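Take a look at the letters that make up each chain.
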Amino acid sequence: IENQLAEGPLVGRKIVVTSGPTHEPIDPVRYIANRSSGAQGTAIARTLAMLGAEVVFVTGPAEEPRPEGVHIVEVQTAQQMMEAVSAAMPADAAVFAAAVADWRVDGASGSKIKKQDGKIPSLSFSENPDILASVSQAKSDRPKLVVGFAAETDDVVENATKKRLRKGCDWIVANDVSPETGIMGGKENAVVLISDDGAEHWPRMSKDAVAQQLAERIANALG
Ligand code: CTP
Ligand code: CA
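Looking up the chain in an unreviewed UniProt entry gives the name Coenzyme A biosynthesis bifunctional protein CoaBC, with the organism given as Cognatishimia maritima.

This is the structure we're talking about:
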(Lines give C-alpha, C1' and ligand atoms only; values in the text may rest on other atoms or scores of the structure.)
(Ligands and ions follow the chains in the order given, each with its own letter.)
Protein backbone atom coordinates (compact mmCIF):
# COMPACT_ATOMS: atom_id res chain seq x y z
CA ILE A 1 0.00 0.00 0.00
CA GLU A 2 1.29 3.44 -0.89
CA ASN A 3 1.09 6.14 1.74
CA GLN A 4 1.11 3.57 4.58
CA LEU A 5 1.85 5.75 7.58
CA ALA A 6 4.97 5.23 9.63
CA GLU A 7 3.49 6.80 12.74
CA GLY A 8 0.19 7.20 14.54
CA PRO A 9 -1.55 5.40 17.40
CA LEU A 10 -2.65 2.48 15.17
CA VAL A 11 0.69 1.62 13.56
CA GLY A 12 1.18 -2.15 13.65
CA ARG A 13 -2.59 -2.78 14.01
CA LYS A 14 -4.65 -4.57 11.38
CA ILE A 15 -8.32 -3.62 11.16
CA VAL A 16 -11.01 -5.09 8.90
CA VAL A 17 -13.85 -2.77 7.87
CA THR A 18 -16.98 -3.83 5.96
CA SER A 19 -18.97 -1.19 4.11
CA GLY A 20 -21.69 -0.56 1.56
CA PRO A 21 -24.64 -2.73 0.58
CA THR A 22 -24.53 -6.26 -0.71
CA HIS A 23 -26.34 -7.16 -3.93
CA GLU A 24 -28.13 -10.49 -4.06
CA PRO A 25 -28.83 -11.47 -7.65
CA ILE A 26 -32.23 -12.53 -8.95
CA ASP A 27 -30.84 -12.92 -12.46
CA PRO A 28 -27.96 -11.22 -14.34
CA VAL A 29 -29.84 -7.90 -14.55
CA ARG A 30 -31.80 -7.76 -11.28
CA TYR A 31 -30.93 -7.88 -7.59
CA ILE A 32 -32.19 -7.12 -4.09
CA ALA A 33 -30.18 -4.91 -1.77
CA ASN A 34 -30.24 -2.60 1.24
CA ARG A 35 -29.93 1.15 0.96
CA SER A 36 -26.37 2.18 1.82
CA SER A 37 -24.17 4.85 0.29
CA GLY A 38 -21.05 3.47 1.97
CA ALA A 39 -20.23 6.98 3.22
CA GLN A 40 -19.85 6.16 6.93
CA GLY A 41 -17.85 2.95 6.40
CA THR A 42 -15.56 4.69 3.92
CA ALA A 43 -14.91 7.57 6.32
CA ILE A 44 -14.08 5.10 9.11
CA ALA A 45 -11.66 3.12 6.93
CA ARG A 46 -9.91 6.29 5.73
CA THR A 47 -9.59 7.65 9.28
CA LEU A 48 -8.22 4.38 10.70
CA ALA A 49 -5.60 4.36 7.93
CA MET A 50 -4.72 7.99 8.71
CA LEU A 51 -4.05 6.92 12.30
CA GLY A 52 -1.58 4.33 10.99
CA ALA A 53 -3.65 1.12 10.84
CA GLU A 54 -3.33 -1.49 8.11
CA VAL A 55 -6.95 -1.52 6.90
CA VAL A 56 -8.65 -4.24 4.87
CA PHE A 57 -11.75 -2.59 3.39
CA VAL A 58 -14.31 -5.15 2.28
CA THR A 59 -16.95 -3.30 0.32
CA GLY A 60 -20.10 -4.12 -1.57
CA PRO A 61 -21.08 -2.09 -4.63
CA ALA A 62 -21.29 1.34 -2.95
CA GLU A 63 -21.57 4.66 -4.78
CA GLU A 64 -19.10 6.42 -2.43
CA PRO A 65 -15.57 6.65 -3.94
CA ARG A 66 -13.16 4.13 -2.42
CA PRO A 67 -10.85 5.43 0.35
CA GLU A 68 -7.12 5.77 -0.24
CA GLY A 69 -4.42 4.07 1.78
CA VAL A 70 -6.34 0.84 2.42
CA HIS A 71 -6.44 -2.66 0.93
CA ILE A 72 -9.69 -2.81 -1.04
CA VAL A 73 -11.64 -6.05 -1.52
CA GLU A 74 -14.71 -5.63 -3.76
CA VAL A 75 -17.59 -8.07 -3.31
CA GLN A 76 -21.19 -8.29 -4.49
CA THR A 77 -23.00 -10.71 -2.18
CA ALA A 78 -23.17 -11.40 1.56
CA GLN A 79 -21.60 -14.82 1.05
CA GLN A 80 -18.67 -13.23 -0.79
CA MET A 81 -18.36 -10.63 1.99
CA MET A 82 -18.25 -13.42 4.58
CA GLU A 83 -15.48 -15.21 2.65
CA ALA A 84 -13.47 -12.00 2.23
CA VAL A 85 -13.72 -11.17 5.94
CA SER A 86 -12.67 -14.71 6.92
CA ALA A 87 -9.71 -14.51 4.56
CA ALA A 88 -8.66 -11.20 6.14
CA MET A 89 -8.49 -12.67 9.65
CA PRO A 90 -6.74 -12.54 12.06
CA ALA A 91 -7.08 -8.83 12.84
CA ASP A 92 -6.77 -6.66 15.93
CA ALA A 93 -10.20 -5.09 15.38
CA ALA A 94 -13.13 -5.39 12.99
CA VAL A 95 -15.75 -2.76 12.19
CA PHE A 96 -18.94 -3.92 10.46
CA ALA A 97 -20.48 -0.90 8.77
CA ALA A 98 -21.93 -2.82 5.81
CA ALA A 99 -25.68 -3.02 5.21
CA VAL A 100 -25.72 -6.74 4.48
CA ALA A 101 -28.77 -8.21 2.76
CA ASP A 102 -30.35 -10.59 5.26
CA TRP A 103 -31.61 -12.93 2.55
CA ARG A 104 -30.43 -14.18 -0.82
CA VAL A 105 -32.62 -15.37 -3.64
CA ASP A 106 -32.83 -19.13 -4.01
CA GLY A 107 -31.85 -20.51 -7.40
CA ALA A 108 -30.80 -17.19 -8.95
CA SER A 109 -31.20 -17.54 -12.69
CA GLY A 110 -28.12 -17.58 -14.91
CA SER A 111 -30.06 -15.98 -17.72
CA LYS A 112 -32.49 -13.07 -17.77
CA ILE A 113 -36.01 -13.94 -16.63
CA LYS A 114 -38.42 -12.84 -19.40
CA LYS A 115 -41.97 -11.59 -18.98
CA GLN A 116 -44.28 -14.35 -20.15
CA ASP A 117 -48.01 -13.87 -20.72
CA GLY A 118 -48.46 -11.74 -17.59
CA LYS A 119 -47.08 -14.52 -15.39
CA ILE A 120 -45.50 -12.98 -12.24
CA PRO A 121 -42.46 -14.86 -10.93
CA SER A 122 -42.31 -15.61 -7.22
CA LEU A 123 -39.05 -15.59 -5.30
CA SER A 124 -37.99 -17.66 -2.34
CA PHE A 125 -35.14 -16.71 -0.04
CA SER A 126 -32.50 -18.23 2.21
CA GLU A 127 -30.91 -16.45 5.16
CA ASN A 128 -27.41 -15.11 4.62
CA PRO A 129 -24.59 -15.83 7.08
CA ASP A 130 -24.31 -13.24 9.86
CA ILE A 131 -20.75 -12.01 9.43
CA LEU A 132 -20.69 -9.85 12.57
CA ALA A 133 -22.05 -12.65 14.77
CA SER A 134 -19.67 -15.21 13.36
CA VAL A 135 -16.58 -13.03 13.93
CA SER A 136 -17.82 -11.96 17.40
CA GLN A 137 -18.34 -15.57 18.44
CA ALA A 138 -15.21 -17.03 16.80
CA LYS A 139 -13.57 -19.66 19.00
CA SER A 140 -10.07 -18.75 17.83
CA ASP A 141 -8.48 -15.58 16.49
CA ARG A 142 -11.35 -13.35 17.61
CA PRO A 143 -10.33 -9.71 17.15
CA LYS A 144 -9.76 -7.93 20.45
CA LEU A 145 -12.42 -5.36 19.51
CA VAL A 146 -15.50 -6.09 17.36
CA VAL A 147 -17.73 -3.15 16.45
CA GLY A 148 -21.15 -3.59 14.85
CA PHE A 149 -23.65 -1.07 13.53
CA ALA A 150 -27.39 -0.95 13.96
CA ALA A 151 -29.49 1.17 11.63
CA GLU A 152 -32.92 1.29 13.24
CA THR A 153 -36.16 3.15 12.67
CA ASP A 154 -37.76 2.45 16.08
CA ASP A 155 -36.63 2.03 19.71
CA VAL A 156 -33.01 2.62 18.69
CA VAL A 157 -31.27 2.09 22.03
CA GLU A 158 -33.41 -0.87 23.07
CA ASN A 159 -33.02 -2.67 19.74
CA ALA A 160 -29.31 -1.97 19.52
CA THR A 161 -28.68 -3.07 23.10
CA LYS A 162 -30.38 -6.40 22.42
CA LYS A 163 -28.53 -6.71 19.12
CA ARG A 164 -25.16 -6.24 20.84
CA LEU A 165 -25.87 -9.07 23.29
CA ARG A 166 -27.34 -11.36 20.63
CA LYS A 167 -24.37 -10.94 18.30
CA GLY A 168 -21.67 -10.91 20.99
CA CYS A 169 -19.84 -7.85 19.70
CA ASP A 170 -18.13 -5.34 22.00
CA TRP A 171 -19.69 -2.13 20.71
CA ILE A 172 -22.67 -1.21 18.58
CA VAL A 173 -22.85 2.11 16.80
CA ALA A 174 -26.59 2.69 16.55
CA ASN A 175 -28.47 5.30 14.62
CA ASP A 176 -32.00 6.31 13.72
CA VAL A 177 -32.39 6.07 9.96
CA SER A 178 -36.07 7.06 9.77
CA PRO A 179 -36.56 9.04 6.54
CA GLU A 180 -37.31 12.28 8.41
CA THR A 181 -33.80 12.27 9.98
CA GLY A 182 -32.20 12.63 6.52
CA ILE A 183 -29.29 10.49 7.73
CA MET A 184 -29.47 7.86 4.99
CA GLY A 185 -27.63 9.25 2.00
CA GLY A 186 -26.74 12.45 3.90
CA LYS A 187 -23.45 13.91 5.14
CA GLU A 188 -24.33 13.85 8.84
CA ASN A 189 -24.96 11.16 11.41
CA ALA A 190 -26.33 11.06 14.96
CA VAL A 191 -25.19 7.91 16.71
CA VAL A 192 -25.42 6.18 20.06
CA LEU A 193 -22.39 4.13 21.12
CA ILE A 194 -23.61 1.04 22.98
CA SER A 195 -21.05 -0.83 25.05
CA ASP A 196 -20.73 -2.65 28.35
CA ASP A 197 -20.88 0.79 29.95
CA GLY A 198 -24.32 1.57 28.53
CA ALA A 199 -25.55 3.98 25.85
CA GLU A 200 -23.61 7.13 25.01
CA HIS A 201 -25.48 9.65 22.83
CA TRP A 202 -23.20 11.58 20.50
CA PRO A 203 -24.39 14.92 19.11
CA ARG A 204 -25.31 15.11 15.43
CA MET A 205 -22.13 15.75 13.44
CA SER A 206 -20.61 15.03 10.03
CA LYS A 207 -19.96 11.39 9.11
CA ASP A 208 -16.27 12.32 8.95
CA ALA A 209 -16.41 13.58 12.55
CA VAL A 210 -18.16 10.37 13.68
CA ALA A 211 -15.38 8.42 11.96
CA GLN A 212 -12.70 10.51 13.67
CA GLN A 213 -14.19 10.02 17.15
CA LEU A 214 -14.78 6.33 16.62
CA ALA A 215 -11.26 5.77 15.29
CA GLU A 216 -9.80 7.53 18.33
CA ARG A 217 -11.92 5.34 20.61
CA ILE A 218 -10.72 2.25 18.77
CA ALA A 219 -7.09 3.36 19.14
CA ASN A 220 -7.61 3.85 22.88
CA ALA A 221 -9.31 0.46 23.26
CA LEU A 222 -6.47 -1.33 21.47
CA GLY A 223 -4.01 0.47 23.73
N1 CTP B 1 -24.40 -7.87 9.74
C2 CTP B 1 -23.51 -8.80 9.22
N3 CTP B 1 -23.98 -9.84 8.47
C4 CTP B 1 -25.29 -9.99 8.26
C5 CTP B 1 -26.22 -9.06 8.78
C6 CTP B 1 -25.73 -8.00 9.53
O7 CTP B 1 -22.31 -8.66 9.43
N8 CTP B 1 -25.72 -11.03 7.53
C9 CTP B 1 -23.88 -6.77 10.59
C10 CTP B 1 -24.05 -5.39 10.02
O11 CTP B 1 -22.94 -5.02 9.23
C12 CTP B 1 -24.18 -4.55 11.28
C13 CTP B 1 -24.84 -5.48 12.27
O14 CTP B 1 -24.62 -6.81 11.79
O15 CTP B 1 -22.91 -4.23 11.80
C16 CTP B 1 -26.29 -5.28 12.49
O17 CTP B 1 -26.97 -5.40 11.28
P18 CTP B 1 -28.55 -5.38 11.32
O19 CTP B 1 -29.08 -5.55 9.94
O20 CTP B 1 -28.97 -4.18 12.09
O21 CTP B 1 -28.81 -6.66 12.23
P22 CTP B 1 -29.72 -7.92 11.99
O23 CTP B 1 -29.27 -8.93 12.99
O24 CTP B 1 -29.72 -8.33 10.56
O25 CTP B 1 -31.14 -7.43 12.48
P26 CTP B 1 -32.39 -6.77 11.69
O27 CTP B 1 -33.46 -7.80 11.82
O28 CTP B 1 -32.68 -5.51 12.48
O29 CTP B 1 -31.99 -6.49 10.26
CA1 CA C 1 -30.32 -6.98 8.83
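Having seen it, we continue.
So, about helix H1 (residues 39-50). In an α-helix there are 3.6 residues to a turn, and that puts residues three or four apart on one side. Helix length check: H1, at 12 residues, gives a terminal C-alpha distance of 16 Å against a target of 16 Å (1.5 Å per residue), a fit within 8%. Across the 12 residues that make up H1, a large majority, 10, are buried. All of the buried residues along H1 are Ala-39, Gln-40, Gly-41, Thr-42, Ala-43, Ile-44, Ala-45, Thr-47, Leu-48 and Ala-49. Just downstream of H1, Gly-52 is the residue with a positive phi angle, here 105 degrees.

This part is about the environment of Arg-164. Among the secondary structure elements, Arg-164 is positioned in helix H4 (residues 156-167). Along the primary structure Arg-164 and Ala-133 are separated by 31 residues, whereas in three dimensions their C-alpha atoms are 9.4 Å apart.

Averaged over all residues, the pLDDT of the chain equals 95, while 98% of them reach at least 70. Taken together, the chains of this predicted complex give a pTM of 0.96 and an interface ipTM of 0.99.

Here we come to the UniProt feature "binding site: CTP" (unreviewed entry) in the chain. Cross-referencing UniProt, the feature "binding site: CTP" (unreviewed entry) maps to Asp-102, Lys-112, Pro-129, Asp-130, Ile-131, Leu-132, Phe-149, Lys-163 and Lys-167 in the present numbering. Over a stretch of 66 residues, the named residues are scattered through the fold, their C-alpha atoms separated by up to 37.6 Å. Position of Asp-130 relative to the elements: it lies in the loop between strand S8 (125-127) and helix H3 (131-136). When its relative accessible area of 32% is taken as the criterion, Asp-130 is described as partly exposed. With residues up to four places along the chain from it excluded, the contact list for Phe-149 reads Gln-40, Ile-44, Val-95, Phe-96, Ala-97, Ile-172, Val-173 and Leu-214.

What counts and how
Residues numbered from 1 in each chain as written. Chains lettered and ligands numbered in written order. Predicted model: local features only at pLDDT ≥ 70, side-chain atom pairs only at ≥ 80, totals over all residues. Heavy atoms only, no water. Helix = DSSP H or I, 4+ residues; strand = E, 2+ residues; numbered from the N terminus. Expected span 1.5 Å × (residues − 1). Buried < 20%, exposed > 50% of the residue type's maximum accessible area, 1.4 Å probe, protein only. pLDDT = per-residue confidence, 0-100. UniProt positions renumbered as here; feature names shortened; annotations may be inferred. Contact = heavy atoms within 4.5 Å.

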